[in-house]
Structures are given as structure tokens and as C-alpha cells.
Amino acid sequence: MQNIMKLKYVVIILVLVLGAISCKDKTMHPEVSHINVELSVVPIYQEIHGMDTMKVEEEIKPILEKHPAFMQAYAHKIVKLGDPALPDFSKRLYDFVTYPANKDIFTKSKEVFPDFNDFEQELEEGFKHYKYYFPEATIPEIYLMISGFSQSIAVDSLWLGVSVEKYLGQDCEFYEWLDIYQYLRIGMVKEKMAPDVLRAIALTNYPNHPKVEDLINNMVYQGKMRYFVHRMFPDIKDTLLFDYTAEQMLWCNNHEPDMWASLVEWKHLFKEDRMMIQKYTGDAPFTSNFGNNSAPRAGEFIGYKIVESYMKKNEEVTLKQLMQETDGRKILAASNYRP
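Procedures and definitions
Residues numbered from 1 in each chain as written. Predicted model: local features only at pLDDT ≥ 70, side-chain atom pairs only at ≥ 80, totals over all residues. Heavy atoms only, no water. Helix = DSSP H or I, 4+ residues; strand = E, 2+ residues; numbered from the N terminus. Buried < 20%, exposed > 50% of the residue type's maximum accessible area, 1.4 Å probe, protein only. Contact = heavy atoms within 4.5 Å. Axes fitted to C-alpha atoms, helices over the stretch in contact; angles between N-to-C directions. Parallel < 35°, antiparallel > 145°, perpendicular 65-115°, else oblique. pLDDT = per-residue confidence, 0-100. Pairing = 2+ DSSP bridges. Arc of directions from axis to C-beta. Polar contact = N/O pair within 3.5 Å; in protein donor to acceptor, adjacent residues only side chain to side chain. Patch = residues over 30% accessible without salt bridge, like charges linked within 9 Å, V, L, I, M, F, W, Y side chains within 5 Å. Areas by Shrake-Rupley, 256 points an atom, 1.4 Å probe, with all protein chains shown as cover. Salt bridge = Lys/Arg side-chain N within 4 Å of Asp/Glu carboxyl O. Lys, Arg positive; Asp, Glu negative; His and termini not counted. Charge placed at Lys NZ, Arg CZ, Asp CG, Glu CD.

## A short note on the environment of alanine 295
So, step 1. With respect to the secondary-structure elements, alanine 295 resides in the loop between helix H14 (274-281) and helix H15 (298-313).
So, step 2. Alanine 295 gets classed as buried once you look at its relative accessible area, which sits at 0%.
So, step 3. Considering only alpha carbons, one finds alanine 295 and methionine 249, 46 residues apart in sequence, at a separation of 7.4 Å.
So, step 4. Leave out the neighbours within four places in its chain, and alanine 295 touches Tyr244, Gln248, Trp251, Cys252, Phe286 and Thr287.

Set out below in C-alpha cells:
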């Protein structure tokens, strides 16, 4: 009899676990294995910075011919070297490649990125989910570049550039030399590259143009961007998703009800004060209105939770429809958000 009870107990547990997995698969884990993604990742910085510096004019020609659209934008807008067709372009490129800081970045990148296999696998999974939700979407060609810290990601209709120097690890000595604050370095890790690519696409395709520039619209918009990334990478760690430390993530989870109660009590949700909006959603060591021990961008975290609740309460709404909805107040009203 005792053995039978144990067996029933095991069966019940298995049923519960399998049920939970099944439920999880239906919501955040769609079947995407059948989706084919033609992914092209070009570590073009290896070609540019690996040139024989005594033969720059000769060795840059095939790179320009093979990647004309990207190289035009890279030279003109990203590293500000001017038109590649100009006579002095080779000299300008030589100066850029041989600049000591860029040489150090190139050396460090070889240490951090001996290959890009993990990045390509993560990116492929992300784009499979992207094509699942947006089947008409075009997958851009991905260029890995050194931009001299000018920007993390550059987006065009046919290509997307990722600056490898922004993902060398939060303890990278370069970030110390540049006086980059510690709270900004949390997301400067190679594991963040693939999520940042998809987030950049979402930010480009769905810019923030609310009818009312108030706090709730900004919170919900930023929350939508994080939610989008979560749908592209269902198994992403919450700390990586939000660019939080484990302690900051715990703080947000523990104080969610209190934060929401304070926002309602203070009547801040529908305020159009830009400084106030920045305090809740902008990068900082903490969210000043919630105290020095709080997590940064707590308003963004609440926005994500509102969006998450909205999608759970309105199962008929597709991810595409969510991204197209620009009324944060409407999303809040239909979310039935109650932390």
C-alpha cells in the first residue's frame, strides 16, 4: 500500500511538471525548430584591423567592393573617415587602424572572442523566434565592427553593425580608463550581444511616438522593448534581460507592490515632467525616487510587468499588435495589473 501511495505521489509530481512545461511552451516557447534562418555574420573588423598597414590602399579595395553599402555607412557615419572614394581615405583609415587604443581593442577582442560560434547560435535562435512572430521580416546581415566607442549598434534596412568593443566584459580595463560607470558596464558582456541586436531592431521598427509624453507611456514603451527581447529569447536570465545585478533583480521583485503603490499615491503615472520620467526610466546607479538602495530604471521594470500582465490577460493580442500599440494608458487599463 505504501509503495502504491509513493507511486501515485511520483505520478502526480510528473503530471504537474509536464503540465507546467506544456503551459510554458505555449506561452513563451513556441516551436521554432522548423524555421530556417539565413544568417550572415561578418566579423569585418578582423579584415580591416588585420590588414597589412603598409598596404592599406591595396588591401582595403576588396573589402570595399565586397561590402559597399556597409563600408560607405561605416566610413561616413560611424567612424567619420569620409568618403572611401576620396584620395586620402587610405591615409585616414591607416590612422584609425594604427591608433593605439584601437590596436588595443583589436588585441583584446581576439582574447574575448576567439570565435563567434556562441553568438551565432544565440542569434539564430533569436531570429527564429523573430521570424515566427514576424514572418514577413527580413533578416539583416550582421557586421561586427570596431567603432572607436562611437556607438554600440548601428541599424540599416539591410545590415546591422555591432561594436565588439562594447562587449568585452564589465571588468575590462578599457572601461576603467574611460571612466565608464560600473552601473553602465553590467550589460557590456558578450552574452548581451545577441539580445541587443534584436532589441535594436525592435527600437528601430517601433520607435516611441506616444500621443502623450507622460511617465506611464514611457514606462510601458521601455517595458515593451524588454518584453520583446524576452519573447525572442525565452530562456534569457532576468538579470541579463534587465541589465541588473542579482541583488538589483531581487530588490525589484521584492518591492514591486510598494513601487506601484507609491507611483499611484504620488500621482506620478500621468505626469509629463521629463525630469521625472528620466528619474524612473533613465540609466543611473539607482531610481532616486525609490531611494539609494533601489535598482536603476525601476519604472522600466514596472512597465515590463504591466506589459506582461496585459499579454496574459489578453491572449488574443499578438506580439506584433502589442508592438504596434502606442497607447501606454490603454495597455495599462487592459492589463488589470495588480502586483
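What follows continues from the structure just given.
## Thoughts on the packing of helix H13 (residues 246-265) against H15
So, step 1. Interaxial distance between H13 and H15 falls to 10 Å at its minimum, and their mutual angle equals 75°. Relative to H15, H13 is oriented roughly perpendicular. Between H13 and H15, the residues in contact are Met249, Cys252, Asn253, Glu256, Met259 and Trp260 and Ala298, Phe301, Ile302, Lys305 and Ile306, respectively.

## Section: the confidence of the model for the chain
So, step 1. The pLDDT averaged across the chain works out to 92; a share of 92% of its residues lies at or above 70.
So, step 2. Low pLDDT, under 50, characterises residues 1-18; the predicted model gives this stretch 0 contacts beyond four residues in sequence or across chains.

## Points about the sheet that holds strand E3 (residues 153-155)
In sheet architecture, strand pairing relies on hydrogen bonds along the backbone and comes in two forms, parallel and antiparallel.
So, step 1. Taking strand neighbours across the sheet as the criterion, the 4 strands line up as E1-E2-E4-E3 in an open arrangement whose pairing is mixed. Each edge of the open sheet carries a strand with a single partner, namely strand E1 (41-42) and E3.
So, step 2. As paired strands, E3 and strand E4 (residues 159-163) are joined by 3 bridges and run antiparallel to one another. Across the sheet, residue valine 155 finds its bridge partner in E4, namely leucine 160.
So, step 3. Contacts from helix H4 (residues 68-78) reach strand E2 (141-145), E3 and E4 within the one sheet, and its direction differs from that of E4 by about 50°.
So, step 4. Packed onto the sheet, helix H7 (residues 117-133) meets E1 and E2 and runs at close to 145° relative to E2.

## Examining H14
So, step 1. Restricting attention to buried positions, one finds in H14 the residues Met276, Ile277, Tyr280 and Thr281. Taken around the axis of H14, the buried residues stretch over an arc of 115°, which confines them to a single face. Pointing more than 90 degrees away from the buried face of H14 are the exposed residues Arg274 and Met275.
So, step 2. Lining the buried residues of H14 we find helix H11 (215-232), H13 and H15.
So, step 3. Between the side-chain oxygen at the start of H14 and the backbone nitrogen of methionine 275 there is a gap of 2.8 Å, and the oxygen is on aspartate 273.

## Focus on a negative patch on the surface
So, step 1. Together, Asp115, Asp118, Glu120, Glu122, Glu124, Glu125 and Glu191 make up a negatively charged patch on the protein surface.
So, step 2. Note on placement: glutamate 125 falls in helix H7.

## Let's talk about the side chain of arginine 199
So, step 1. Take arginine 199: it is sitting in helix H10 (residues 193-205).
So, step 2. It is glutamate 300 that comes nearest to the buried, bridge-free arginine 199 among opposite-charge side chains, at 4.2 Å.
So, step 3. Among the polar contacts listed, one links the side chain of arginine 199 to the side chain of glutamine 222, at a separation of 3.5 Å.
So, step 4. When residues no more than four places from it in sequence are discounted, the contact partners of arginine 199 are Gln222, Met225, Arg226, Val229 and Glu300.

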